Every structure is written in structure tokens, then in C-alpha cells.
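Structural overview for review
As a plain string of letters, each chain reads:
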Amino acid sequence: MRFDVITLFPELVRPVAEYGVTGRAGEQGLFELHTWNPRRWGTGVHQAVDDRPYGGGPGMVMQYAPLAAALAAVREADPRLVRVIALTPQGRPLEQAMLRRLVQCPRVALLCGRYEGIDERLLEAEVDEEWSLGDYVLSGGELAAMVVIDGCARLLPGALGHADSADQDSFTGGLLDCPHYTRPEVIDGRTVPAELLTGHHARIEHWRRREALGRTWERRPDLLARCLPGAEDAALLDEYRGLRRRSGGRRDTDD
Ligand code: ADE
């Protein structure tokens, strides 16, 4: 998979491909990262890439021409079709399923907005989708582009070892992940749930599924509503609620 990031700050973006899982995936050749600075196609002595907004108001707007030229260079660099995604707060909120679909694309260009935004005509003419990290405003799309690259790189076949396969991730099955524990068995009187120490595969899986359902119900009921639990999961969730009631946790009246 090939990523081309169009950004005024390439040095900010590049380290996403240098550490940990993404670093190894890059070394293995599972993905390539290229950066393009639109300033190269800027105008005047300062190689300007922005100008004042029509209609007035604060801030500057990224101009059409330098971004279009950068995208033309991106398209020319490799004959494969490129999916162009702009990172802006107006975009579709990012979800795991969007990353899963994106890794099917051989080439992805990520366009990072700065200032007040990007000339709308560039978005209309050149961009396939706008994505957002969430309902908050960052000073540019670079961090969002890095999030997309990281989230995709770890999904590429061979990037993760079998033990930490992406199939186990939160959101993959529409639920949050269950809690995890490692040695030592007791820390300041806090113990590891007994089921995890049984060595009994089915009991462990039962516990993990129940905790994943319970956590999702408590923390992200919106996700639970979307994945419509079947009869078996509904029973596990009842079990979780019963245990929580008895341990003085969250009450049923909260839902
Ligand atoms: N640029 C500025 N804010 C952003 C956000 N929330 N998501 C993606 N890109 C952005």
C-alpha cells in the first residue's frame, strides 16, 4: 500500500512510519510513505499557498492551484488509481470499518488542511472523501493523516504477529475490547479475575465476551445498539448486569 501525504509539514508526518508496528511494517515493505509539500507550487517570493477568504473574516484559505499541482504530481508518481482523502473537521468521523475498507486500496493520498480551510472547489474537483478525527478542531490535518496511516498499517497482512492479531481489536466485532491482565497476579490487593487463571479455554472466552459486552453497554451504548446482540450475547449481558448489581456497580436504571 502506498500513502502520499500532501502537507505543509512533512517532517511532522514522517515519524509515523518510523516506530513500533508501523515502523516494522514499513521496513517489511508492507507500505510506503511519500510526502509532498504544496509550497513547492506556491507563488511569489514567499511561495504562498494561502490567501484571504472571499467574504472577509479571520484566517486564510489554502489555495486551489498549489494543492491541485501537488495532487497532479502525486497521481503522476505511480500509475495506480489513487483514493484522495482530505482531513478536515467537516469530514465523516473516522471509524475502524473505514480503515478496513481503505486498506483494500493500493494507493491513498491524504490531503492535510491548515489555516481556516481549503478552497471548496479543490475539494469538489479532486477529493473523493473528507474524513475527521472527531468533533474537535486541530490546527491541521497532519495528526489525522498520521492516525489514518497508523490505523491502516497495522491492518496490513503481516504487520501484526498472530498473538496480537487485529481481529481481537476493539471495534472489529462492533464492541469494545475486554480488560487485559499480566503478571504479577496480585498488585496492592487487586487480583486477576479467577476465570482467566483456570486455563479453561471456553470459560475464558465466556468471560472475555461477557466483559466486552458489559463494557460496551456501560461506556458506549451507541455501539451496542448498532451491533444488535443475539440471544447468546443478551444472556451474557444479563449475567454481567446481575454481577454488577451484586457488586454495587452500575444500576439497571441507568439504561
Ligand atoms: N483538521 C483540523 N481538525 C481536524 C479534525 N478534527 N479531524 C481531521 N482533520 C482536522
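Criteria and cut-off values
- Residues numbered from 1 in each chain as written.
- Predicted model: local features only at pLDDT ≥ 70, side-chain atom pairs only at ≥ 80, totals over all residues.
- Heavy atoms only, no water.
- UniProt positions renumbered as here; feature names shortened; annotations may be inferred.
- Helix = DSSP H or I, 4+ residues; strand = E, 2+ residues; numbered from the N terminus.
- Buried < 20%, exposed > 50% of the residue type's maximum accessible area, 1.4 Å probe, protein only.
- Contact = heavy atoms within 4.5 Å.
- Polar contact = N/O pair within 3.5 Å; in protein donor to acceptor, adjacent residues only side chain to side chain.
- Near = heavy atom within 4 Å.
- Areas by Shrake-Rupley, 256 points an atom, 1.4 Å probe, with all protein chains shown as cover.

**Here we look at the UniProt feature "binding site: S-adenosyl-L-methionine" (unreviewed entry) in the protein chain**
Here the UniProt feature "binding site: S-adenosyl-L-methionine" (unreviewed entry) sits at Gly113, Leu133, Gly134, Asp135, Tyr136, Val137 and Leu138. Among the structural elements, Gly113 can be located in the loop between β6 (107-112) and β7 (117-118). Residue Gly113 is classed as buried on the basis of its relative accessible area of 11%. Sequence-distant contacts of Gly113, defined by excluding residues within four places in its chain, comprise Met62, Leu87, Ile118, Gly140, Gly141 and Glu142. Residue position: Tyr136 is located in the loop between β8 (129-132) and α6 (142-153). Reaching out from Tyr136, the side chain makes a polar contact with the backbone oxygen of Leu133 at a distance of 3.4 Å.

**Some points on the site of the ligand**
Near the ligand there are 13 residues, and of these Leu133, Gly134, Tyr136, Leu138 and Gly140 occur at the shortest range. Taking Thr88, its main chain carries an N or O atom lying 3.4 Å from a nitrogen atom of the ligand. Burial of the ligand by the surrounding chains reaches 97%, relative to a free accessible area of 260 Å². Elements supplying a minimum of two residues to the shell around the ligand: β5 (83-93) and β8. In terms of residue count, β5 provides more of the shell around the ligand than any other element does, three residues in total.

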